[in-house]
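Listed below are the residues making up each chain.
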Amino acid sequence: MASNSHSTSAIQYPIPIREVAKLTGINPVTLRAWQRRYGLLTPARTEKGHRLYSEQDVATLRQILHWLEQGVSIGQVKGLLEQPEPQASGSNWQQAQDMLMRSACELNVNRLATELQDLINLYPVELVLRRVIEPWLLALNQLQRPDAQLIEQCASALLTRLLQQLLTIKSGPVIAVARVGQVAEQDALLVQFELQGLECRSINLGQLDPVTLPLAEGRLKFDALVIVLGAGLTARDIADMNKVLPEACFLVGELGRIYQQQHQLARPYSSTVSELAREHDAAFSLV
């Protein structure tokens, strides 16, 4: 699910766009694009022109998320919302993956950049990552052709540059991101991108250094630390790491499931940042 677990019982309506973003997991840029390009919502406005959303608007957004999760494209959603017994067909996510793969294999970096930017603007961050970008990156890694390495390097470099340009949020909690074990730099960047979708700023600490971590915590004044777990960590490595971690520390990464099954993780863990925010909301305090 792309939406988080906030209860609606304590919400005071109408609510501003940033609160709606926190409530639904849909960032303000995407909410504005849905209104401007597809007329999906018509929120009220303050005297200064700021958007205010009603309880019905939030309910509609949850319906939209439901259809997106079923693989419906955002351009088809309005028709489904207006039908008494809507039926969806096809998978927008698979089509999006195929589109990116064609552009990557043709080394058409300009078209690829446009396609990635459109996906990021029109869909919630969690859905874009889980349903399109991550499967696409995996498929790139598994290509079997003479120019496979060139294709993957060009596509990966473009994605890295694009994500770095998008990390522009200037308000919200400050979250430090670090890597441990064998994990790519891009994985940490994807975590930063997902944190921005949760209205959080981020600082990339690179590979975790137990010696300098306390110094970084004191000088950078971050609100929490998210560690991306990689391969090759021993029980001793994890035990040594736990000794220097700050109180507000959370662990993410698919490989963490293995360490969790071995009862080695002493901090809150989920495979993704969005799951972490939902499952440990009281402690994570980010959304």
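Residue numbering note: each chain is counted from 1, following its sequence as written. Only residues with pLDDT of 70 or above have their local features reported here, since the model is predicted, and side-chain atom pairs are shown and tallied only from 80 upward, although totals for entire chains, interfaces and linings are computed over all residues. Hydrogens are left out, water is left out, and the side-chain values use all remaining heavy atoms of the structure.

The subject of this paragraph is the sheet that holds strand S3 (residues 51–53). Sheet architecture is open: three strands sit in the order S1-S3-S2, paired in antiparallel fashion. Looking at which strands have only one partner, the edges of the open sheet turn out to be strand S1 (15–16) and strand S2 (44–45). A pair of strands counts as paired when DSSP detects no fewer than two bridges linking them. Strands are runs of DSSP state E lasting at least 2 residues, helices are runs of H or I lasting at least 4, and numbering of each runs from the N terminus. Note: S1 against S3, two bridges, orientation antiparallel. For Pro16, the partnering residue across the bridge sits in S3 and is Leu52.

Ordered in space as S5-S4-S6-S7-S8, the five strands form an open sheet in which the pairing is parallel. Every interior strand has two partners, whereas the edge strands, strand S5 (201–207) and strand S8 (269–270), have only one. Sheet analysis places strand S4 (residues 174–180) next to strand S6 (residues 224–229), joined by six bridges and oriented parallel. Bridging from a neighbouring strand, Ala178 pairs with Ile227 of S6.

The convention used is that axes are lines fitted to C-alpha atoms, helices contributing only their stretch in contact, and that angles between N-to-C directions extend from 0 to 180 degrees. In the contact formed by helix H8 (residues 148–166) and helix H9 (residues 185–197), the axes pass within 10 Å of each other and the chain directions differ by 35°. The hand of the H8/H9 crossing is left-handed. Every residue of H9 that contacts H8 at Ser156, Leu159, Thr160, Leu163, Gln164 and Leu166 is listed here: Gln186, Leu189, Leu190, Phe193 and Gln196. In this count, Pro and Cys sit with the nonpolar residues alongside Ala, Val, Leu, Ile, Met, Phe, Trp and Tyr, while Asp, Glu, Lys and Arg are called charged and the others, Gly among them, polar. When grouped by side-chain class, the residues that make up the contact of H8 with H9 number six nonpolar, five polar and no charged. Crossings are assigned a handedness: left-handed for a near helix turned anticlockwise from the far helix by less than a right angle, right-handed for a clockwise turn. Note on contacts: a residue pair is in contact if any heavy atoms of the two residues lie within 4.5 Å.

Formed by 55 residues in total, the largest nonpolar core has its most connected members in Leu68, Ile74, Leu116, Trp136 and Leu140. The greatest single-element share of this core, amounting to nine residues, is contributed by helix H7 (residues 125–141). When near neighbours in sequence (up to four residues on either side) are disregarded, Ile74 contacts Trp34, Tyr38, Leu40, Ile64, Leu68, Leu122 and Tyr123. The criterion is simple. A nonpolar core is a set of buried Ala, Val, Leu, Ile, Met, Phe, Trp, Tyr and Cys residues joined through side-chain atoms within 4.5 Å. Accessible area is worked out with a 1.4 Å probe on protein chains only. A residue is then buried under 20% of its type maximum, exposed over 50%, and partly exposed in between. In this structure, Val174, Ala176, Met241 and Tyr269 belong to the second largest nonpolar core, which totals 19 residues.

This brings us to unusual backbone geometry. You will see that Leu107, though not glycine, has its phi angle at about 55°, which is positive. Looking at the secondary structure, you find Leu107 in the loop between helix H5 (92–105) and helix H6 (109–122). For Leu107, a relative accessible area of 35% gives the class partly exposed. Phi angles above zero are rare outside glycine, and Glu199 is one such case at about 65°. Examined against the element boundaries, Glu199 turns out to sit in the loop between H9 and S5.

The next subject is the environment of Leu158. Considering the arrangement of structural elements, one finds Leu158 in helix H8. Along the primary structure Leu158 and Gln117 are separated by 41 residues, whereas in three dimensions their C-alpha atoms are 11 Å apart. In this view, Leu158 contacts Val109, Leu112, Ala113 and Leu116; residues no more than four positions away in its chain are not counted.

All quantities given are derived from atomic positions and should not be read as evidence of function.
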